[in-house]
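Report on the structure
Below, each chain spelled out in residue letters.
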Amino acid sequence: MNILKKDAMKKVYLKNMELSLLASGDGTEVIHHKLYKGGRWAMGPAEGWIALEHLTILSGTLIYQTPSEEIVLSTGDSFHACPVTEFSLFIAQTDVEFIYVTSQPQFQNYSSSLQEMLDLAVMVEEKDGYTAEHCERIKELSMLIGTKMELSTDELYSLNLGAFLHDIGKVKVPDHILNKPGKLTDEEYEIMKMHTTWGRETLENTNIPELIKAGKIVEQHHERFDGKGYPKQLQGDEILIQAAIISVVDTFDAMTTDRVYRKGLSVDTALAELERNIGTMFHPKVVETFFSIKDKILA
Ligand SMILES: [Fe+2]
């Protein structure tokens, strides 16, 4: 590729994608995206956002997921909106390269806070005795369930972020509490519970609309269907459906994962535990959906 004006080019590497700012000026940006197979990318409306957004596929196949259908975009195909009025979710069926043009700059959004948040989420889970794959696994399983439950693309997008970032608030929990192998004291447990609210606050502080939305989900991921969860004792449908999904997936993953201080339970025991807690801890529809795609989840 020939770049005539090299000083305009900046490169950013994110999980699942590489971005290069090819040209920018007068508010317009031309960004080259490389999205790896399985990666997701979205365009969404925002207050005050009136930009023209356009993409053209250079190579590979991108699925454009609408609430009612999946449209396959391949080499030479284009998509544009002006302004974007609804969330448009794209999934890379293969490694995909595309050119994205926007008349309002947003390259900076990619490069700073979002990546910092994703890195922070992984760091926190590692401190908490998980491997780096935990966030990724929670996200993938949540998306399988959310898709099966036919959530809107808008809801799926915030589920994607919320699932990955669900425990980000643990960054504020002192290490001696986070890493304590034994049972927490009442006082320590109260501090641990704060990770939900701290998570929302951390994401709100980014001022990125998508992360602010995800923050609401993050705050609710320990609420219980029967209202006995935390931090706000919400119940039933007061709890965002994305948070209800993350709750089931996170509990299942926590039960079946080996941690530093204990071995994970068998899959059968963990499944029985999910079933036993239908309607108390867990949203019945979420557990029902989990079981209906059990083979896919456990594959
Ligand atoms: Fe949590």
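Residues numbered from 1 in each chain as written. Predicted model: local features only at pLDDT ≥ 70, side-chain atom pairs only at ≥ 80, totals over all residues. Heavy atoms only, no water.

So, the packing of helix H6 (residues 195-204) against helix H7 (residues 209-219)
Interhelical geometry of H6 versus H7 gives an angle of 180° and a closest axis separation of 8 Å. Taken together, the axis directions place H6 and H7 in an arrangement best described as roughly antiparallel. Of H7, the residues touching H6 (which contributes Thr-196, Thr-197, Gly-199, Arg-200, Leu-203 and Glu-204) are Leu-211, Ile-212, Ala-214, Gly-215, Val-218 and Glu-219. Residue composition of the contact of H6 with H7, by class: 5 nonpolar, 4 polar and 3 charged. (Axes fitted to C-alpha atoms, helices over the stretch in contact; angles between N-to-C directions. Helix = DSSP H or I, 4+ residues; strand = E, 2+ residues; numbered from the N terminus. Parallel < 35°, antiparallel > 145°, perpendicular 65-115°, else oblique. Contact = heavy atoms within 4.5 Å. Nonpolar A, V, L, I, M, F, W, Y, C, P; charged D, E, K, R; others polar.)

Some words on the nonpolar core
Among the nonpolar cores identified, the biggest contains 48 residues, and Ile-145, Leu-165, Leu-203, Leu-211, Ile-245, Leu-274 and Phe-290 are the most heavily contacted of them. Looking at this core, the elements that each hand over two or more residues are helix H1 (107-127), helix H2 (133-148), helix H3 (153-164), H7, helix H8 (241-256), helix H9 (267-276) and helix H10 (284-292). The element that contributes the greatest number of residues to this core is H8, accounting for 8 residues. Setting aside residues up to four positions removed in sequence, Leu-165 forms contacts with Met-117, Leu-118, Ala-121, Leu-203, Leu-211 and Val-218. Of all hydrophobic cores here, the second largest spans 21 residues; its members include Met-17, Met-43, Ile-57 and Leu-62. (Core = buried A, V, L, I, M, F, W, Y, C linked by side-chain atoms within 4.5 Å. Buried < 20%, exposed > 50% of the residue type's maximum accessible area, 1.4 Å probe, protein only.)

Re the packing of aromatic side chains
Taken as a whole, this structure holds 9 aromatic pairs when the rule is applied. Relative to Phe-79, the ring of Tyr-64 has its centre 4.7 Å away and its plane inclined at 65°; by these criteria the two rings are edge-to-face. Of the two residues, Tyr-64 is situated in strand S6 (residues 61-65) and Phe-79 in strand S8 (residues 78-81); the sequence distance between them amounts to 15 residues. Between the aromatic rings of Tyr-189 and Tyr-230, the centroid separation amounts to 6.3 Å while the plane-to-plane angle is 80°, which identifies the pairing as edge-to-face. Placement of Tyr-189 in helix H5 (residues 186-193) and of Tyr-230 in the loop between H7 and H8 is noted, with a sequence separation of 41 residues between them. Residue classification places Tyr-189 among the partly exposed residues on the basis of a relative accessible area of 40%. Residue Tyr-230 is classed as buried on the basis of its relative accessible area, which comes to 12%. Three or more aromatic residues joined by ring pairs form one cluster here, namely Trp-41, Tyr-64, Phe-79, Phe-90, Phe-98 and Tyr-100. (Phe/Tyr/Trp six-rings, centres within 6.5 Å; stacked < 30°, edge-to-face > 60°.)

Here we look at the pairing of strand S3 (residues 28-35)
Judged from the 8 bridges that link them, strand S2 (residues 17-25) and S3 form a sheet pairing that is antiparallel. What sits directly across from Leu-21, in S3, is Ile-31. Linkage of S2 to S3, two consecutive antiparallel strands, is achieved through a turn of 2 residues, within which Asp-26 is found at a positive phi near 55°. Where S3 lies against strand S10 (residues 96-102), 7 bridges are found, and the strand directions are antiparallel. Across the sheet, Ile-31 pairs through a bridge with Tyr-100, a residue of S10. (Pairing = 2+ DSSP bridges.)

A closer look at the coordination of the iron ion
In an ideal tetrahedron of four donors about a metal, each angle is 109.5 degrees. In an ideal octahedron of six donors, the angles are 90 or 180 degrees. Coordination sphere of the iron ion, protein contribution only: Asp-167 (OD), His-195 (NE2), His-221 (NE2) and His-222 (NE2), at 2.1 to 2.3 Å. Coordination at the iron ion is irregular: its 4 donor atoms span angles of 85 to 174° at the metal. Mapping the donors of the iron ion onto the primary sequence gives the spacing D-x27-H-x25-H-H. On the criterion of sequence distance, the pair formed by Asp-167 in the loop between H3 and helix H4 (175-178) and His-195 in helix H6 is long-range, its members being 28 residues apart. For the pair Asp-167 and His-195, a shared accessibility class is recorded, and that class is buried. (Donors = N, O, S within 2.8 Å, 3.2 Å for Na, K, Ca; no water. Tetrahedral: all angles 85-135°; square planar, octahedral: opposite > 155°, others 65-115°.)

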